[in-house]
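Notes for the structure review
The chain contents come next:
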Amino acid sequence: MPLTADVAAQQVQERLRTLHRFIYDIEAERARNEQCIESILRAEKASESSPSNEDSSGTSQQQMQLKNLYKAGLTAAEQEERLLRAALLRIYEIRSIKNERRIQARHAGNKETIGCGALMKMLLSAAQTLPLHVGRVGERAPQLCGAVPADPGHIARAGDAVAALVRVSEKEENWILAEVVSWLPAQGKYEVDDIDEEQKNRHVLSKRRVVPLPLMRADPRTDEHALFPKGAVVMALYPQTTCFYRAIVNRLPASAADPYEVLFEDSSYADGYSPPERVAQRYVIAIKEGKGRAT
Amino acid sequence: MSTEEIHDISMPITEADSSQTHGHDASLTATADDASSSSAATPQSTEGQASRQSNLQRIQQRKQQVYNWPHNKKLLKLAIYSACQTPECTCNGWKTPVPQQALKANQRADNQPLASFNDPCRNCNHVLEKHVTQLQGLPVAEVNRLLGAVVDVENIFMCMHREDDQDTKRVYYYLFKILRKCILTRSHPRIEGPLGQPPFERPSIAKAITNFVLYKFNTLSQREWQTMYDLAKMFLHCFNHWNFETPSVRKLQVSNPEDISAYQINYTRWLVFCHVPAFCDSLPHYETSLVFGRTLLRAVFKSVCKQLMDKCHLERDRMPPEKRVLVLTHFPRFLALLEEEIFSADSPIWDPEFKQNPPNHLQNILDNKTPIRRGEFERVTASGDSKDGFTTVSLSSGTINPIKQEGVKRGAESRSGCQPMSAAKRRRIGSDTGDDVCERTVADIVATITDPNYMCGPDALFQMQAPRDEAAKLEEQRKLIEFHVIGNSLTGAVNKQTMLWLIGLHNVFSHQLPEMTKEYISQLVFDPKHKTLALIKEGRPIGGICFRTFLSQGFSEIVFCAVTSNEQVKGYGTHLMNHLKDYHIRNNILHFLTFADEYAIGYFKKQGFSKDIKLPRAMYQGYIKDYEGATLMHCELNPRIVYTQFTSVVRRQKEIVKKLIDMRQKEVRKIHPGLTCFKEGVRSIPVECVPGVRETGWRPAAGARAHHDHDADADVATLRNVLHAVKNHAAAWPFLKPVDKADVPDYYDHIKYPMDLRTMGERLKSRYYVSKRLFIADMTRIFTNCRLYNSPDTDYYRCANTLEKYFHTKMKEAGLWDK
């Protein structure tokens, strides 16, 4: 179904309305949670302050009451979590509607050519709004969250952003930012488009020349293991370009919204590395060994 | 003045119009009724400003007095200037028979004219009555007009008499003759001849000065702007009442004969159209600042300024303190800036098309929402008894018609409350620019689109078409980035900050331009003749344009231009270049040249550079550094554009036009059925054939008209005749009505756009065929459908061929076939 600008706008509007409702619901739920916590605190205080007399029936009654309060608190917290996740889902939906619309507009060939500057802005915002992985307790970050690579059998879906190794001249190959058009199972190849519309567009590349970008951000506070460690050699998108170059992680993101700080390999600087540059999680990927001759 | 001259109607003019001499036995005088007025009417400046004022008043009083005379007395007066109506008589004015002392005394005593309708004329001997018969039936207003002219004639005569300057004297005599003639023929004075008609130059001085205020002070706050506006009004007012020095005086100062003859012409024009009419209101009066332009202002500006300032200094003790500040601090600066624009070769203020949106606060002033305290600057010039012939700002409400004074019009009107300014202004705009939209509408639209709640439609969600430099402009507004023009110096001290920035820029350039050696970059960046526009972010340069200005050649060479790599594609490059352009316009350099390498050509093209060099080679050869393998590119700047605001201005204009279209659409809303002709294979139809287009007021462009007329002859009657003939042809039978699906089940699978003669008849009736092209297309469709579906050996196919030929013949007969 063609996603025209109007349809897309309508869909987004719809999501925004739901989101609007959710925000009130979440607020109400949060208030309820607060009450729960308050009553728990009150009950705890009461049980502590009450002289520890031998009235065991009283104690056990207090314990029962506390237990019930804990239960209620848990349900309320879960409910709030559910609401929050539902709200987040709407945000991600809006994000994907916009992306879908962009891709369709591009394929419709009506050339609402996105200017260079707009493209850069779009890339930045796409990185900032990349869904954040909020795992449940004990859950490990899934594939394509932060630094976690794709599973061997993973096939990127159409529209997914990837780094693609393309030949740019006789003897030079570059890792460029591209998006998947289709997967050709028979050949085991991807069809990808250069994200920069001004370049030669379509490439058909074998799977090993295509590295999917993270689909989720990892939160350093909960999933530090899903981030590249300091000193790791990575491929990172050079700021304000659409090409990946080898770099060394200099500093990890401090928060989920923070970018990495990396040092690009650059022979034009005396020490062989550029000054620190900030690159978002979405654009920092593991180096493909063997073919790492990018300059 | 001899007593003889102090006559009323008995005082004749002796000379005929043709006679050369003036000032003989009788001069034109005022009347005995009012002896004082005989010495009036000398507005020429020797008595200075105060007396000028009273002169004007006295003239008005005198006229009023004359208007109140009894009718007969008026006629007796006019007889002196009126031709004798006796057939064959050529006498041009009644003359008193014998000037007699006795009579005079008498007259004085009883205040009665001595002459009567029966007195014979000394000149032609016909009785006085004969001189006035033609005036008898005239309405009072007309008689009064003629009497007013008589007073003016007498005043001009006085002036002429007193004038020493020969040039000026001649002009008075010329005006004297014109006025006399117009009384004689009872016509209105018309000044024709080599002097030309006002306005003599466009734009007028008043317009240019208004432009100047808009152009120079647009960015000032309201209060400061108001000050400048008041100063401009003050200047214009002075200028309108300025007494220009005579050409003979001017000759002493200026040596260029061309200048002098040009001045002489303008001086004469000024006397005839501005100066004399100011006190002789039977002549058409024009304000100096409205009818003269740059030439005159340039010629007199310096001396005007000097005298103005001298005057201001003389009077400063009498001014209230705030006025003193205005006049002594702001006025000199104002005049200096104005002088720059007046003598600059291509100042935009002289552009007849000059348009600059006034700032909001100014809009209020122009709309007259805020009261303007115009009275104040009049106090500035509480004029003394100056002898310099210099006119100050002591405007009196009685004598000057405020409507004529554009420069001070706004204030004048608001004060006297005679006419709401906005109305007058709008009217003027309407007449000047024809179809232009009224400013109120535009202001409303601007208010709408600047409203933060204004939505620009559903696609705003996906809008990515922001101007290239918008992000950079935003950052500049938030003070995240700054722009500075810096350079090294070998003679003066260079501060540390500048040095550090230059070093930073050197790094940026050498990093971004690997082709250039570091030494070469140092050589230019640190060269005192080169300057660099630096883009500073977080205290450190992240980009810049190094340039060298060749003042004598009127261009700047752009030497290096780079933005550090991780800050590229953020619009900095564009914003840098726009700043550089604005900087150069301020410094009156309007050309950029650069040698662009292969990667830079694209950038420079986006910035308005072209490989087409419009500067003559001699201008730059030997000046600009030559680079091998690079392309020379040129960019000419338009001083009327503020480049850093260009995109937002254009966008806003677009938005306004869009709104105007919306508004128009609401006015003429009608839904027409869509066009189907394109589906049916017509490639194009004339725009005016689209139903409804004409109703919106669309007119074909002049060039397109021929084409349109050509098509307009497709009138219904002619087409009906052709269709009728085709229908009645023997080969038409297969095409008379739509193909029936029951008869030919698969017909519509093959034929997507069926057509038949009956359908065409219906379309003709419903006026679908607004052009013959549509008609031909439908007809041709019938034949091509037929040949498509049927094979050539069928009757159908043959019918199609036959009928088509017949159709062509018929169309040619009707003159509708042009192939």
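Data block above holds the structure.
A brief report on the enclosed structure follows. Small disclaimer: the values here were computed from a predicted structure and weren't measured.

**Brief notes about the side chain of serine 344 of chain B**
All names here are of chain B. Structurally, serine 344 is set in the loop between α13 (321-343) and α14 (360-366). Looking at serine 344, its side chain comes within polar contact range of the main-chain nitrogen of serine 347, at 3.1 Å. Leaving out residues up to four positions away in the same chain, serine 344 has contacts with Arg294 and Arg298.

**Here we look at the pattern of salt bridges**
One pass over the full model with this rule turns up 35 salt bridges over all chains. Within this structure, Glu475, Lys537, Glu567 and Lys570 of chain B form a network of salt bridges that share partners.

**Some words on a positive patch on the surface**
A surface patch of like charges, here positive, comprises Arg720, Lys727, Lys765 and Arg767 of chain B. Counting through the fold element by element, lysine 765 of chain B comes out in helix α29 (residues 757-765).

**A closer look at the packing of aromatic side chains**
Scanning all chains against the criterion turns up 38 aromatic pairs over all chains. When the ring of tyrosine 238 of chain A is compared with that of tyrosine 245 of chain A, the centres are 6.2 Å apart and the planes differ by 85°; the resulting orientation is edge-to-face. Between tyrosine 173 of chain B and phenylalanine 176 of chain B, the aromatic rings sit 6.1 Å apart at their centres with planes inclined by 25°, giving stacked as the arrangement. Here tyrosine 173 of chain B and its partner phenylalanine 176 of chain B are both found in helix α6 (residues 166-184), three residues apart, which amounts to about one turn of the helix.

**Here we look at the side chain of threonine 532 of chain B**
Looking at the element boundaries, threonine 532 of chain B is found in strand β2 (residues 530-537). Ignoring any residue separated from it by four or fewer positions in sequence, one finds threonine 532 of chain B in contact with His484, Val485, Ile486, Leu505, Phe509, Ile545, Cys546 and Phe547 of chain B.

**Some thoughts on the packing of helix α7 (residues 205-217) of chain B against α13 of chain B**
Residue and element names in this part refer to chain B. Where α7 meets α13, the axes come as close as 11 Å, and the angle between the chain directions of the two elements is 105°. Looking at the two axes, α7 sits roughly perpendicular to α13. Every residue of α13 that contacts α7 at Ile209, Phe212, Val213, Tyr215, Lys216 and Phe217 is listed here: Arg333, Phe334, Leu337, Leu338, Glu340 and Glu341. Class assignment of the residues belonging to the contact of α7 with α13 gives a composition of eight nonpolar, no polar and four charged.

**Section: unusual backbone geometry**
Generally, phi is negative for residues other than glycine and the peptide bonds are trans, each holding for most cases. Of note, the amide linkage connecting proline 198 of chain B to proline 199 of chain B takes the cis form, showing an omega dihedral of 0°. Of note, proline 199 of chain B is situated in the loop between α6 and α7. Following arginine 202 of chain B, the chain continues into proline 203 of chain B via a peptide bond in cis, with omega recorded as -5°. In this structure, proline 203 of chain B sits in the loop between α6 and α7. A positive phi angle, close to 65°, is found at glutamine 240 of chain A, a residue other than glycine. Within the element layout of this structure, glutamine 240 of chain A appears in the loop between β6 (233-237) and β7 (243-251). Classification of glutamine 240 of chain A by relative accessible area gives buried; the value is 12%. One non-glycine residue with positive phi stands out, namely glutamate 88 of chain B, at about 75°. Within the secondary structure, glutamate 88 of chain B sits in the loop between α2 (71-79) and α3 (101-110).

So, how was this worked out
- Residues numbered from 1 in each chain as written.
- Chains lettered and ligands numbered in written order.
- Predicted model: local features only at pLDDT ≥ 70, side-chain atom pairs only at ≥ 80, totals over all residues.
- Heavy atoms only, no water.
- Helix = DSSP H or I, 4+ residues; strand = E, 2+ residues; numbered from the N terminus.
- Polar contact = N/O pair within 3.5 Å; in protein donor to acceptor, adjacent residues only side chain to side chain.
- Contact = heavy atoms within 4.5 Å.
- Salt bridge = Lys/Arg side-chain N within 4 Å of Asp/Glu carboxyl O.
- Patch = residues over 30% accessible without salt bridge, like charges linked within 9 Å, V, L, I, M, F, W, Y side chains within 5 Å.
- Areas by Shrake-Rupley, 256 points an atom, 1.4 Å probe, with all protein chains shown as cover.
- Lys, Arg positive; Asp, Glu negative; His and termini not counted.
- Charge placed at Lys NZ, Arg CZ, Asp CG, Glu CD.
- Phe/Tyr/Trp six-rings, centres within 6.5 Å; stacked < 30°, edge-to-face > 60°.
- Axes fitted to C-alpha atoms, helices over the stretch in contact; angles between N-to-C directions.
- Parallel < 35°, antiparallel > 145°, perpendicular 65-115°, else oblique.
- Nonpolar A, V, L, I, M, F, W, Y, C, P; charged D, E, K, R; others polar.
- Buried < 20%, exposed > 50% of the residue type's maximum accessible area, 1.4 Å probe, protein only.

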